[in-house]
Amino acid sequence: MKRTRVKNIEQLKKICLNDYQDFYIQLNFGCRSSKEIMYSDTEDVFYVNNNIDGTCQECTPKQIEQETNIIKAIECGSLIHENY
């Protein structure tokens, strides 16, 4: 398994373009928040499945910044892509 630290939203868009990919946010004390994320460039929308609680979100790039912790995780170097 290859792990890649996501550095910006453009990289996130490229990784999960039209296909769900596995990510996690590294939390304190070794905990993690697992997510499946897909980006649709035709709709300019992210689809996020939050594995920790089973919720799903549909977010524009602006909403993903305002309504999730994904961009903050990128800025902190905590969003990791897992490529199997």
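Each chain carries its own residue numbering, running from 1 in the direction its sequence is written. A pLDDT threshold of at least 70 governs which residues receive local features in this predicted model, and a stricter bar of 80 or more applies before side-chain atom pairs are shown or counted, although totals over entire chains, interfaces and linings include all residues. Only heavy atoms go into the side-chain values, all of them from the structure, while hydrogens and water stay out.

A.B. asks: It is not clear to me how the overall build of the protein chain should be interpreted in this structure. Could you clarify?
C.D. replies: A count of helical and extended segments in the protein chain gives three helices and six strands. Computed over the C-alpha atoms, the radius of gyration of the protein chain is 12 Å, within 12% of the 12 Å expected from 2.2 N^0.38 for a compact globule of 84 residues. Its C-alpha atoms give the protein chain principal-axis dimensions of roughly 35 × 25 × 25 Å. For the protein chain, with 84 residues in total, the buried portion stands at 40%. Labels follow the DSSP assignment, with helices taken as runs of H or I lasting at least four residues and strands as runs of E lasting at least two, numbered in each case from the N terminus. To get the radius of gyration, use the C-alpha atoms; to get the globule rule, take the number of residues to the power 0.38 and multiply by 2.2 Å. Partly exposed residues are those whose accessible area sits between 20% and 50% of the maximum for their type, while under 20% is buried and over 50% is exposed, using a 1.4 Å probe and protein chains only.

A.B. asks: Sorry, what's going on with the sheet that holds strand E3 (residues 32-40) here?
C.D. replies: Think of a sheet as strands paired side by side through backbone hydrogen bonds, with each pair either parallel or antiparallel. Two strands qualify as a pair provided DSSP detects at least 2 bridges between them. Read across the sheet, six strands follow the order E1-E6-E2-E3-E4-E5 without closing on themselves; strand pairing throughout is antiparallel. The open sheet terminates on both sides in strands that have one partner only, identified here as strand E1 (2-5) and strand E5 (55-59). Strand-to-strand twist in this sheet, taken as the mean axis angle between neighbours without regard to direction, amounts to 30 degrees. Of the pairings in the sheet, the one linking strand E4 (residues 45-50) to E5 comprises five bridges and is antiparallel in character. Within E5, the position partnered with Tyr-47 by the bridge is Glu-58. Axis definition: a line fitted to C-alpha atoms, over the contacting stretch in the case of helices. Angles run 0 to 180 degrees between N-to-C directions.

A.B. asks: How should the nonpolar core be read in this particular structure?
C.D. replies: For soluble globular proteins, nonpolar side chains are generally found buried alongside one another. Of all hydrophobic cores here, the largest spans 16 residues; its most connected members are Leu-12, Ile-37, Phe-46, Ile-70 and Leu-79. Looking at this core, the elements with two or more residues in it are strand E2 (21-26), E3, E4 and helix H3 (70-75). In terms of residues, this core owes the most to one element, H3, which gives four residues. Setting aside residues no more than four positions away along its own chain, Leu-12 makes contact with Val-6, Phe-23, Ile-37, Phe-46, Ile-70, Ile-74 and Leu-79. Within this scheme, the nonpolar core is defined by two criteria: the residues are buried Ala, Val, Leu, Ile, Met, Phe, Trp, Tyr or Cys, and they are joined through side-chain atoms within 4.5 Å. By definition in these notes, contact holds between two residues if any of their heavy atoms fall within 4.5 Å.

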